[in-house]
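# Structural characterization, general
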Amino acid sequence: MKEIKHFINGDHVASQSGRTFENRNPVDNSLIARVHEAGQAEVDAAVSAAQAALNGPWGRMTLKDRAELLNRVADRITERFDEFLDAECKDTGKPYAMASTVDIPRGAANFKAFAEMLANEPTDAFRMDTPDGLGALNIGQRRPKGVIAVISPWNLPLLLMTFKVAPALACGNTVVVKPSEETPSTAALLGEVMNECGVPPGVYNVVHGFGPNSAGEYLTAHKAVNAITFTGETRTGQIIMQAAAIGLRDISMELGGKNPGVVFADCDLDKAIEGTMRSAFLNCGQVCLGTERVYVERPIFERFVERLRARVAELRIGRPQDEGVDFGPLVSQQHRKKVLSYYQLAVDEGATVVIGGGVPDMGDELNEGAWIEPTIWTGLADDARVIREEIFGPCCHIRPFDTEEEVIALANDTDYGLAAAIWTENSARAIRVAEQVNAGIVWVNSWYLRDLRTSFGGAKRSGIGREGGTYSLDFYTELKNICIKL
Ligand code: NAD
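Residue indices follow the written sequence of each chain, beginning from 1 at its first position. In keeping with the predicted nature of the model, local features appear solely for residues at pLDDT of at least 70, side-chain atom pairs appear and are counted solely at 80 or more, and the whole-chain, interface and lining totals rest on all residues. To get the side-chain values, all heavy atoms of the structure are used, and hydrogens and water are removed first.

## A short note on the site of the ligand
Residues are counted as near a molecule or strand when any one of their heavy atoms sits within 4 Å of it. Around the ligand, the surrounding shell holds 30 residues, and the nearest of these are K178, E181, T236, L255 and E390. Take G232: an N or O atom from its main chain is 3.4 Å from an oxygen atom of the ligand. Protein coverage of the free-state accessible area of the ligand, which is 850 Å², stands at 93%. Going through the elements one at a time, α9 (215-221), β11 (227-231) and α10 (234-245) are the ones with two or more residues in the shell around the ligand. Sorting elements by how many residues they give to the shell around the ligand places α10 first, with three residues. Each residue belonging to the shell around the ligand can be placed in one class, and the counts come to 15 nonpolar, nine polar and six charged. N or O atoms within 3.5 Å of each other form a polar contact, as long as, within protein, one can give a hydrogen and the other can take it, and as long as residues adjacent in sequence are counted only when both atoms are side-chain atoms. Method for areas: the Shrake-Rupley scheme with a 1.4 Å probe, in which residue coverage is limited to the protein chains shown. Strands are runs of DSSP state E lasting at least 2 residues, helices are runs of H or I lasting at least 4, and numbering of each runs from the N terminus. Only Asp, Glu, Lys and Arg are considered charged, only Ala, Val, Leu, Ile, Met, Phe, Trp, Tyr, Cys and Pro nonpolar, and every remaining residue, Gly among them, polar.

Have a look at this one:
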């Protein structure tokens, strides 16, 4: 049986307590590995190693050498592509077709992008006047914040973790990562890659475990952690914020969403259907940016619902490695229980089930897996819980609207503000609506198109702060001004 240990100071380390937990494949519920669960001792060791590495060769490394090292890490992920792919698909059940084009390439690209961004980041310099006429020169400098705790979720494990680790390391910090308990494998593999590339021990550390009374809580409460970057549920974000308040540590929070899709009658219907298919059902609906509320202008409402239903009926559900499969299971039995409770709630709240709503029969071998049907509803009231709460499954509700004003109000009628997608061929309308939707990211005639130089993050309960581009550099560095009197 495979064993996954912590990665501390460049070594694979077992838990002192001997405590482990199971890592299961959601395709058939088979056991993949036993994972060591970190206690206070392992978290202390990881944070100490990260602190010590700041004062070692890593702390003295030139920017150029650091960038070269991170490029090597990206190349090594690419060389070991198949191992990363296999590990990610076993942990999550997602199709190889998706992980091979999204998760793993982006995992590698994150290292290249942030190494390059930092190397090209200009330094501020301001000449100022002084009463003696000689003046002074101000020079702005970015310094690493120190030890960064990285807490990441299970839906895009390598991609989202490296979106934090790469800029943190590019900026000269060290990290202690706590990957999701559901998906420990690629974070562990990345430890091997760090060693192979010559990243000094202690720069990248991983502790495995859960949140409360486990690795997550011990790490976020640790006094020597200088900043915490978190992606996950809004509820968890609030708990971590409280932990960060002790010692006044900085936080970055990428949280949940209940994102609207807005489809105007003047859209290119083929594009809107394909885009909504992806935004509602990619990764079995487990994408924070996904669309769970779709608003369609009344003249095309019936046609849109029927065409989306027909496309959902064509989805090929199956084993991640099988050719042509575009839809896998949910990440775990536990998550399926949650999503199915919303499927039931939708019916209780009066929804019309257009398609899906249950569990597919996958045959004997796979029926132990976390399979679920992609689902479309219509007919729910705007205050239904299914409309207001994040489900994080392969489902969406479609509602008609009549005016631009009305749909902007509907799109904004949510506690969240992560993303939105607008479908229209009228560019003035697209801009007008995009400007009024209160979300961190608004796509027009597309979805999930990401340029790593742009800001990423949510409004309202979808997050605090922004990642991406120089926004990541702002979080992972402490800005210092040096004022030199001439
Ligand atoms: P989660 O909040 O349950 O867990 C995320 C991580 O936090 C895990 O590693 C978990 O072990 C850890 N954790 C849980 N409780 C903790 C505690 N008390 N202290 C410290 N750590 C703790 O989220 P999840 O179920 O893994 O992921 C799904 C959620 O993530 C959804 O809400 C989704 O919208 C959100 N998400 C947001 C983004 C974004 O960029 N905004 C991206 C992906 C996922």
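## Looking at the domain arrangement of the chain
Under the domain assignment, the chain is made up of domain 1 (3-255 + 462-485) and domain 2 (259-451). Note that domain bounds follow an automatic or database assignment of domains. Centre-to-centre, using C-alpha coordinates, domain 1 lies 31 Å away from domain 2. Here, residues are in contact when the closest pair of their heavy atoms is within 4.5 Å. Across the boundary between the two partners, domain 1 contributes 25 residues, which contact 32 residues of domain 2. For any pair of parts, buried area is found by adding up, for both, the accessible area (1.4 Å probe) each one loses once the two are put together. A per-residue breakdown of the area domain 1 buries against domain 2 is headed by V27, W154 and S462, which together make up 25% of the total. Salt bridges are counted wherever a side-chain nitrogen of Lys or Arg sits within 4 Å of a carboxyl oxygen of Asp or Glu. Taken together, domain 1 and domain 2 are joined by zero salt bridges. Seen at the junction of domain 1 and domain 2, the total is eight residue pairs in polar contact (both at pLDDT 80 or more). Listed by contribution, the elements that provide at least two residues to the side of domain 1 that touches domain 2 are α4 (81-92), α5 (96-99) and α7 (157-170).

## Regarding the packing of aromatic side chains
Any Phe, Tyr or Trp ring, taking Trp's six-membered ring, that has another such ring centre within 6.5 Å forms a pair; planes under 30 degrees apart are called stacked, those over 60 apart edge-to-face, and the others tilted. Counted by the stated rule, this structure contains ten aromatic pairs. Plain terms: the ring middles of F114 and F163 are 6.0 Å apart, the flat faces sit at 50° to each other, and that makes the pair tilted. With F114 in helix α6 (residues 103-119) and F163 in helix α7, this pair connects stretches of sequence that are 49 residues apart. Of the two residues examined, F114 and F163, each falls in the buried class. Here the aromatic rings of F264 and F401 are separated by 5.4 Å at their centres, their planes lie at 85°, and the arrangement is edge-to-face. Of this pair, F264 sits in the loop between β13 (259-263) and α11 (269-281) while F401 sits in strand β17 (residues 395-401); the two residues are 137 residues apart in sequence, bridging distant segments of the chain. Think of it in three bands: with a 1.4 Å probe and only protein chains considered, a residue is buried below 20% of the maximum accessible area for its type, exposed above 50%, and partly exposed in between. Residue F264 is classed as buried on the basis of its relative accessible area of 0%. Members of the aromatic cluster, joined through ring pairs, are F114, F163 and F456. Consider the ring centre and the ring normal. A charge sits over the ring if Lys NZ or Arg CZ is within 6 Å of that centre and within 35 degrees of that normal. Here R106 stacks its cationic end above the ring of F163, 5.6 Å away from the centre of that ring.

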